[in-house]
Amino acid sequence: MTPVGSGGEDPFQRHRPPTSARAPRHGLPPRHFDALAAGGGGAAVIAHLWDAERSHRLLLLGLLMTMAADRSDAIGPLEHLDRAWELLSEAERLSRAVTDDLLLLPETGVWLQHTLRRLREDGVSPDEDQPLWVDTGQLHLIAAASAIRTGLSFSLRLPSRSGTVWLPSLGRATLPGSAGSGPVQADFDGAALTLRHGGETLHVALPCRQAALGWQPPTTFVLELPEGPKEIHLSDLGPYRIFPAESVAEPSPSPGEQADRWGELLRHAWPLLRRADPQAAEDVAVCLRSIEPLPASTPFRWHSATMGGGMGGLAASEPAAVEPAAAAQFAAILTHEIQHSKLSALMHMYSLHTQENRPRLYAPWRDDPRPLNGMLHGVYAFSAVARFWRGYVLSGGAPPDEAALAQFEFALRREQLLRVLPPLGKDRELTRLGRRFLGQLAETVSDWADASVPKALVGEAERVAEDHAVSWRLHHLAPDPSLVAELIEHWITGGHTGRPFPRGIPLQGCPVPRLVPDPTARNLDARAVLTRMRLMEPALAKLRADPERLAATVEGARPADLLLVAGDATVARELYAREISAGPGPAPGGGAVFHSTAGAWAGLRLALDSSGGHRAAGLALLRCPELVRAVHRAIGETTGEPADPVAVAAWVGRAAAAPA
Amino acid sequence: MIESELLDLTGVSFENLRAQRGLEWDQIEAQLLRKLCGSAAVLAGDHNSWTM
């Protein structure tokens, strides 16, 4: 871990007594800010972030002490929080490195965020299944772990959950004969810990890095770094996770095998990252502290997440046994999630935008509209993903069967970033520093024209990016109702015979459509996943041979999607048109039931594009698909006869192409 | 140096943290809490299409 509190001097000598002067603030040299904004950082810059993160955690801890001080439900059957604080202070006098290590654990940040919210909500969280003191008592557990690691004897009541006591960084004790939450008497004599509860006793000689009866140490992995090995924890035992386990006592079905799989994945992914993007590897090395395992996902839909308050921690699903290019994909996840950590820490220092946080923006990697904060995180994280794939291509590290995928991933992420960065940089809710941040990032992305990607794959990436944008519009934008009414009237009174709309519609969709978020929007990347499978053949060929597996393998994919991606645009077009005419329901050709025809409309556009000769319809479905769909639907409702979707699209497209 | 909004507690220990508190802290803490509760806690789903 990066040491905090830089320099060899005694950090306590730098303690400033309270004065009337304005308290000092953290800062970054402009070149360091710009290095981070450009997507990089490096060990020295991230050391600043860790220093700042320590201050942030201390502030939050002080805030927690203040908010909990007068609440009896925050103490419960434990000793007062002041007693835990005293123990923590005593341990800190013996080793600040130990107490800082515990303070800066990702789970400590997650705990602070969770507990402060709970304290602020003032007991109005009916969903909380634990009394408040079990959450505030995490301070007692951190203090106990600090004392044990510094060899400091103590006697303290600790909170238990589901019959277990989690001592951060040390391990989890399971108490005999106990299943609920309650106070546990802990006594440490400098060598052994004794836990007593309800007449039962558990002794643990510490440190204990081997599993024993009633004791489970955390799984650790070692990253081999030039400066020495670094331990990464598997975060699967403690209660404060990015995705809390339903029951912390629930054992992993086969913890040893799970740990082996993660260890192997890291061993394979780490050298790839170092070779493809040494800068990112350096950032991961100084940032990453723990990986929280999530259930395995389906191919090319690797789940991963970070929590704003938990710098250095990430959650990721285990790869399925058949995950293509698993090590490279995981390397991309590592750098993606560490970008979130870096940006979260930077945002603890600086406001890059106002407090406005309405989900209103298009993110090419999401199903839903995003707030500005989420957009900043998205562009920052995906810039690292693009940079990794670019490096994987340029370094020649990709094996032949992964080369096309790597080129496609780079081209796709670059294309997506180039679409959203220019408008994002002009967002009125950005602060001056926010604009500076995005300006630096945009410069980085615009410099990436050098990686040679075959033209066909660049075209594939553009189609996939367009497809997502069209699908997103269909889900979340509603056209101007008066324009829809006007178009329907003209359709009924002659448009259906080919009579053109009497005026041109501005290409960007008329009066600007309104954002009406569709909470059911899911799996907008289904055709992108199938495209990746085609690039990693025989993955798609296997699916074509056994199409019954489609719904389970690529959630949200239609049989028409499989045909389209495999090259049969004609049949795919027929299936999409049938689905549109039938309305929401089961997809033609079998498989899943869909709540919306949005995916079929977007697929129809691609099928028309592939078969050629449908310029006007394609234009309308690209520029204002939500208008075409609304007009088509309203014609059906008005006349009782479903119109041909391609004919309606072409008619709207001709109006869009005419002079306004 | 680009000065941040975050108090620099580099030399501050657990022991003396609470002695540091003053009027200025109240404002800073209130702002911290607003930020903490207003922000999206989990940055999930920015990879592929996982929506929470």
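Residues numbered from 1 in each chain as written. Chains lettered and ligands numbered in written order. Predicted model: local features only at pLDDT ≥ 70, side-chain atom pairs only at ≥ 80, totals over all residues. Heavy atoms only, no water.

1. Notes on empty space enclosed by the protein
All names here are of chain A.
Now for step 1: Taken as a whole, this structure holds seven cavities of 30 Å³ or more when the rule is applied.
Now for step 2: Each pocket or cavity is described by its volume, and for the largest cavity that value is around 250 Å³.
Now for step 3: Lining of the largest cavity is provided by 24 residues; of these, Pro106, Glu107, His233, Ser235 and Ser290 occupy positions nearest its centre.
Now for step 4: Put simply, the parts of the chain that give the lining of the largest cavity at least two residues each are helix H5 (106–121), strand S10 (228–234), strand S11 (290–294) and strand S13 (313–317).
Now for step 5: Of the residues forming the lining of the largest cavity, the biggest block, three residues, is contributed by H5.
Now for step 6: Its residues assigned to classes, the lining of the largest cavity shows twelve nonpolar, seven polar and five charged. (1 Å grid on protein atoms, 1.4 Å probe; cavity = no way out; pocket = protein on both sides within 12 Å on 5 of 7 lines; lining within 4 Å. Points joined across faces, edges and corners; volume = space filled by probe spheres on them. Helix = DSSP H or I, 4+ residues; strand = E, 2+ residues; numbered from the N terminus. Nonpolar A, V, L, I, M, F, W, Y, C, P; charged D, E, K, R; others polar.)

2. Thoughts on the environment of Ile333 of chain A
Now for step 1: Turning to its location among the elements, Ile333 of chain A is positioned in helix H10 (residues 326–349).
Now for step 2: Placed 276 residues apart in sequence, Ile333 of chain A and Asp609 of chain A show a C-alpha to C-alpha distance of 33 Å.

3. Quick word on the sheet that holds strand S6 (residues 192–197) of chain A
All names here are of chain A.
Now for step 1: One open sheet holds the four strands; their spatial order is S2-S5-S6-S7, and the pairing between them is antiparallel. Two strands close off the open sheet at either side, each with one partner strand: strand S2 (154–160) and strand S7 (200–205). Averaged over neighbouring strand pairs, the angle between their axes works out to 25° when direction is ignored.
Now for step 2: Of the pairings in the sheet, the one linking S6 to S7 comprises six bridges and is antiparallel in character. Among the inter-strand pairings, Leu195 is bridged to a residue of S7, identified as Leu202.
Now for step 3: Against the sheet, helix H7 (residues 138–150) contacts S2, strand S5 (182–188) and S6, and its axis sits at roughly 140° relative to S2. (Pairing = 2+ DSSP bridges. Axes fitted to C-alpha atoms, helices over the stretch in contact; angles between N-to-C directions. Contact = heavy atoms within 4.5 Å.)

4. A short note on the side chain of Arg527 of chain A
Residue and element names in this part refer to chain A.
Now for step 1: Within the secondary structure layout, Arg527 lies in helix H16 (residues 526–535).
Now for step 2: At 2.8 Å, the side chain of Arg527 forms a polar contact with the side chain of Asp467.
Now for step 3: Among the polar contacts made by the side chain of Arg527, one reaches the side chain of Asp561 at a distance of 2.7 Å.
Now for step 4: When sequence neighbours within four positions are dropped, the list of residues in contact with Arg527 reads Asp467, Ser471, Asp561, Leu564, Val565, Tyr576, Gly599, Ala602, Gly603 and Leu606. (Polar contact = N/O pair within 3.5 Å; in protein donor to acceptor, adjacent residues only side chain to side chain.)

5. Observations regarding the pattern of salt bridges
All names here are of chain A.
Now for step 1: Per the counting criterion, the structure on display carries 30 salt bridges over all chains.
Now for step 2: Here Arg54 ties to Asp100 by a salt bridge, and the two come within 2.8 Å at their closest N and O atoms. Placement of Arg54 in helix H2 (residues 43–68) and of Asp100 in helix H4 (residues 96–103) is noted, with a sequence separation of 46 residues between them.
Now for step 3: Given the relative accessible area of 2%, Arg54 is considered buried.
Now for step 4: Under the relative-accessibility criterion, Asp100 is labelled buried at 3%.
Now for step 5: Two residues, Arg473 and Glu626, come together in a salt bridge whose shortest N-O distance is 2.8 Å. (Salt bridge = Lys/Arg side-chain N within 4 Å of Asp/Glu carboxyl O. Buried < 20%, exposed > 50% of the residue type's maximum accessible area, 1.4 Å probe, protein only.)

6. Some remarks on the pairing of strand S4 (residues 171–174) of chain A
Residues and elements named next belong to chain A.
Now for step 1: Pairing of strand S3 (residues 164–167) with S4, which is carried by four bridges, proceeds in the antiparallel orientation. In the sheet register, Thr164 faces S4, and the bridge partner there is Thr174.
Now for step 2: Linking two consecutive strands that pair antiparallel, namely S3 and S4, is a turn of three residues; a positive phi of about 75° is found at Ser169 within it.
Now for step 3: Summarising the sheet, S4 and strand S8 (residues 215–216) pair through two bridges and their orientation is antiparallel.

7. As for the packing of aromatic side chains
Residues and elements named next belong to chain A.
Now for step 1: Applying the stated criterion to the full structure yields 14 aromatic pairs over all chains.
Now for step 2: Here Phe388 and Tyr392 contribute two aromatic rings whose centre-to-centre distance is 5.4 Å and whose plane-to-plane angle is 20°, an arrangement assigned as stacked. Of this pair, Phe388 and Tyr392 both sit in helix H11 (residues 372–394), four residues apart, which is roughly one turn of the helix.
Now for step 3: Accessibility expressed as a relative area gives 2% for Tyr392, which makes it buried.
Now for step 4: With a centroid separation of 6.0 Å and 80° between ring planes, the pair formed by Phe501 and Trp651 is classed as edge-to-face. Taken as a pair, Phe501 in the loop between helix H15 (481–492) and strand S15 (514–515) and Trp651 in helix H24 (residues 645–657) lie far apart in primary sequence, 150 residues in all. As far as the burial class goes, Phe501 and Trp651 line up, both buried.
Now for step 5: Taken together, the ring pairs in this structure connect Trp262, Trp302 and Phe330 into an aromatic cluster.
Now for step 6: Taking NZ or CZ as reference, Arg558 lies 3.7 Å from the ring centre of Phe594, over its face. (Phe/Tyr/Trp six-rings, centres within 6.5 Å; stacked < 30°, edge-to-face > 60°. Lys NZ or Arg CZ within 6 Å of the ring centre and 35° of its normal.)

8. Describing the confidence of the model for chain B
Residue and element names in this part refer to chain B.
Now for step 1: Across chain B, the average pLDDT comes to 68, with 58% of residues at 70 or higher.
Now for step 2: Strand S1 (residues 2–7) holds the highest mean pLDDT among the elements of chain B, 92, whereas helix H2 (residues 23–38) holds the lowest, 68.
Now for step 3: Prediction confidence for the complex, expressed as pTM and ipTM, is 0.92 and 0.86 respectively. (pLDDT = per-residue confidence, 0-100.)

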